[in-house]
Amino acid sequence: MTILKLVKYGEPSLRQKSKEISKISKKIQILAENMIDTMYKNNGVGLAAPQVGENIRMFVIDVSKDNEPFNPIVFINPKIIEKSGASHDKEGCLSFPNAFVDVRRYANVKVKALNLNGKPFITEAKDGSLLSRALQHEYDHLDGILFIDHSRNVFETIDVLEKNNLPPIDKTKMIDEPDIEEELLNKAENDE
C-alpha cells in the first residue's frame, strides 16, 4: 500500500486534459490500487489520476456508507454516454482541503468505462445521488475541469477559497449551465 501525494488546487496539472490509456499495464493496476488506498486514507469518495500527478484518463470511486463493506470501482477511459435532469449540493475535493461549495450537476448520468481487466462496463446513477455527483466530479478532473467551475454562487466560492487560503477562482473557467440552472429554479418554485 502506497499513499500518494495529492496535487493541490493551484497546480497547473489539475487544469490539463488527460490522455487515454492505451494499455492496462501492471503499472496502471498498481496506480489504481494506490489511488484507492489514497482515497480511503483521505476520507474521499473519489479520486482522479490527475489529483496524484498522473494526467491519464482513470479515476476511482467508492460511495459505500460507513456500515457497508468497501466497494471501490475503477474507471479507465470513461465516457459519459447519457445525462439528464438537474441537481445541486455542496461538494468538496481532496485537492481543495476543507473547501465546500454549492455546485450544479446533472441528476442522472450513465458512464461507460473499462475495468482493470480491460472489460467494458456501464454504471448508471440517478436522482442526484452521491454516485451521480462523484461520477461527474471525477470525470471533470480528466478534462481539467474543477468542481468550483460548476459553482452556483461565485461570491460564495470566492469567500470559501479565500477562507481556506486557496488560490482565487479563475472566472474564465466558470461553466455557464443555463439548462441545469433553469431546471433547478423551476424545481425550487414548484416546491414552494
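Refer to the preceding data block for the structure.
Here's a quick rundown of the structure. Treat the numbers as computed from the prediction; the structure is a model and nothing was measured.

## Looking at the pattern of salt bridges
Per the stated rule, a full pass over the model turns up 15 salt bridges. Two residues, Glu124 and Lys126, come together in a salt bridge whose shortest N-O distance is 3.3 Å. The salt bridge partner of Asp159 is Lys163, with a shortest N-O separation of 3.0 Å. Linking Asp159 with Lys163, this pair stays in helix α3 (residues 154–163), spanning four residues, or about one helical turn. A network of salt bridges, in which partner residues are shared, links Asp102, Arg104, Arg152, Glu177 and Glu181.

## Observations regarding the pairing of strand β7 (residues 120–125)
Across six bridges, strand β6 (residues 108–114) lies against β7 in antiparallel orientation. Looking across to β7, one finds that Leu114 is bridged to Pro120. Between β6 and β7, which pair antiparallel one after the other, the connecting turn spans five residues, and Gly118 there sits at a positive phi close to 80 degrees.

## A look at the pairing of strand β4 (residues 87–93)
The pairing of β4 with strand β5 (residues 96–105) spans six bridges and is antiparallel. In the sheet register, Asp89 faces β5, and the bridge partner there is Val103. Here β4 folds back onto β5, and the loop between the two strands holds two residues.

## Description of the side chain of Thr123
Examined against the element boundaries, Thr123 turns out to sit in strand β7. Given a relative accessible area of 10%, Thr123 falls into the buried group. Among residues more than four places away in sequence, those in contact with Thr123 are Phe75, Val109, Lys110, Val111, Leu131 and Leu135.

## Some remarks on a negative patch on the surface
A contiguous patch of negative charge, built from Asp176, Asp179, Glu182 and Glu183, is present on the exposed surface. Mapped onto the secondary structure, Glu183 falls in helix α4 (residues 178–191).

## Quick word on the side chain of Gln51
With respect to the element layout, Gln51 can be found in the loop between β1 (46–48) and β2 (58–61). Its relative accessible area of 1% is what places Gln51 among the buried residues. Apart from the residues within four sequence positions on either side, Gln51 is in contact with Lys5, Leu6, Val7, Leu14, Cys93, Leu94, Ser95, Glu138 and His141.

## Observations concerning the sheet that holds β6
On the basis of which strands lie adjacent, the open sheet formed by five strands has the order β1-β2-β3-β6-β7 and antiparallel pairing. The open sheet has two edge strands with one neighbour each: β1 and β7. Neighbour to neighbour, the strand axes of the sheet diverge by 35 degrees on average, direction disregarded. Relative to β6, strand β3 (residues 73–84) runs antiparallel, the two sharing six bridges. In the strand pairing of β6, Glu82 is matched with Lys110.

What counts, and at which threshold
- Residues numbered from 1 in each chain as written.
- Predicted model: local features only at pLDDT ≥ 70, side-chain atom pairs only at ≥ 80, totals over all residues.
- Heavy atoms only, no water.
- Salt bridge = Lys/Arg side-chain N within 4 Å of Asp/Glu carboxyl O.
- Helix = DSSP H or I, 4+ residues; strand = E, 2+ residues; numbered from the N terminus.
- Pairing = 2+ DSSP bridges.
- Buried < 20%, exposed > 50% of the residue type's maximum accessible area, 1.4 Å probe, protein only.
- Contact = heavy atoms within 4.5 Å.
- Patch = residues over 30% accessible without salt bridge, like charges linked within 9 Å, V, L, I, M, F, W, Y side chains within 5 Å.
- Areas by Shrake-Rupley, 256 points an atom, 1.4 Å probe, with all protein chains shown as cover.
- Lys, Arg positive; Asp, Glu negative; His and termini not counted.
- Charge placed at Lys NZ, Arg CZ, Asp CG, Glu CD.
- Axes fitted to C-alpha atoms, helices over the stretch in contact; angles between N-to-C directions.

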